[in-house]
Amino acid sequence: MHMSTRVAGVLTGLALALGGAAFAAPAAHADVTACINQVESELRGGEAPDSVRMACYVGLTGDNEQCVAGLTAAGVTDGTSASACRVAPE
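Before going into details, it helps to say that this report is about the structure given with it. (Residues numbered from 1 in each chain as written. Predicted model: local features only at pLDDT ≥ 70, side-chain atom pairs only at ≥ 80, totals over all residues. Heavy atoms only, no water.)

Overview of the packing of helix 2 (residues 50-60) against helix 3 (residues 64-73)
Phase 1 of the analysis: Look at helix 2 against helix 3: their axes get within 7 Å of each other, and the N-to-C directions meet at 170°. The orientation of helix 2 relative to helix 3 falls into the category roughly antiparallel. Mapping the contact onto sequence places V52, A55, C56, V58 and G59 in helix 2 and Q66, C67, G70 and L71 in helix 3.
Phase 2 of the analysis: Taken together, the residues of the contact of helix 2 with helix 3 break down into six nonpolar, three polar and no charged. (Axes fitted to C-alpha atoms, helices over the stretch in contact; angles between N-to-C directions. Helix = DSSP H or I, 4+ residues; strand = E, 2+ residues; numbered from the N terminus. Parallel < 35°, antiparallel > 145°, perpendicular 65-115°, else oblique. Contact = heavy atoms within 4.5 Å. Nonpolar A, V, L, I, M, F, W, Y, C, P; charged D, E, K, R; others polar.)

A few points about the pattern of salt bridges
Phase 1 of the analysis: Tallied over the full model, the rule gives two salt bridges.
Phase 2 of the analysis: The salt bridge involving E40 is made with R53; its shortest N-O contact spans 3.9 Å. Remark: R53 occurs in helix 2 and E40 occurs in helix 1 (residues 2-43); sequence separation between them is 13 residues.
Phase 3 of the analysis: Here R53 falls in the partly exposed class, since its relative accessible area comes to 30%.
Phase 4 of the analysis: Linking R53 and E47 is a salt bridge whose minimum nitrogen-to-oxygen distance equals 3.2 Å.
Phase 5 of the analysis: Looking at E47, the relative accessible area reads 63%, which means it is exposed.
Phase 6 of the analysis: Connected through shared salt-bridge partners, E40, E47 and R53 make up one network. (Salt bridge = Lys/Arg side-chain N within 4 Å of Asp/Glu carboxyl O. Buried < 20%, exposed > 50% of the residue type's maximum accessible area, 1.4 Å probe, protein only.)

Brief notes about helix 2
Phase 1 of the analysis: Residues V52, A55, C56, G59 and L60 constitute the buried set of helix 2. The arc enclosing the buried residues of helix 2, seen along the axis, measures out at 155°, which places them on a common side. In helix 2, the exposed positions angled more than 90 degrees off the buried face are occupied by D50 and M54.
Phase 2 of the analysis: Looking one or two residues past helix 2, G62 carries a phi angle of roughly 100°, positive in sign. (Arc of directions from axis to C-beta.)

Examining the environment of V58
Phase 1 of the analysis: Residue placement: V58 occurs in helix 2.
Phase 2 of the analysis: Note on V58: relative accessible area 25%, which makes it partly exposed.
Phase 3 of the analysis: With 12 residues separating them in the primary sequence, V58 and G70 have C-alpha atoms 8.6 Å apart.

Some details on the environment of N37
Phase 1 of the analysis: Checked against the element boundaries, N37 lands in helix 1.
Phase 2 of the analysis: Residue classification places N37 among the partly exposed positions, given a relative accessible area of 43%.
Phase 3 of the analysis: Each C-alpha atom, one on N37 and one on A84, is 8.2 Å from the other, the two residues being 47 residues apart in sequence.

Following this line, the structure appears as structure tokens:
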């Protein structure tokens, strides 16, 4: 009987954790979008490539240095890279 109670508790905790992640996901997406939008404004109507999207996602995690490096490697100017990475984790 104790084993089933323990399993039920673990499953409940897992469901709550996954539910919390689902609520946090839309906000995270908006932050990445702000970063991508800044880069796309420099491209003047062009769509950001996957490398830009990945760099902005890295910026979302708070690794500003890697975000800037990724955007710069993708051909984004230094000023736009720094600005876009600054808004990613907000």
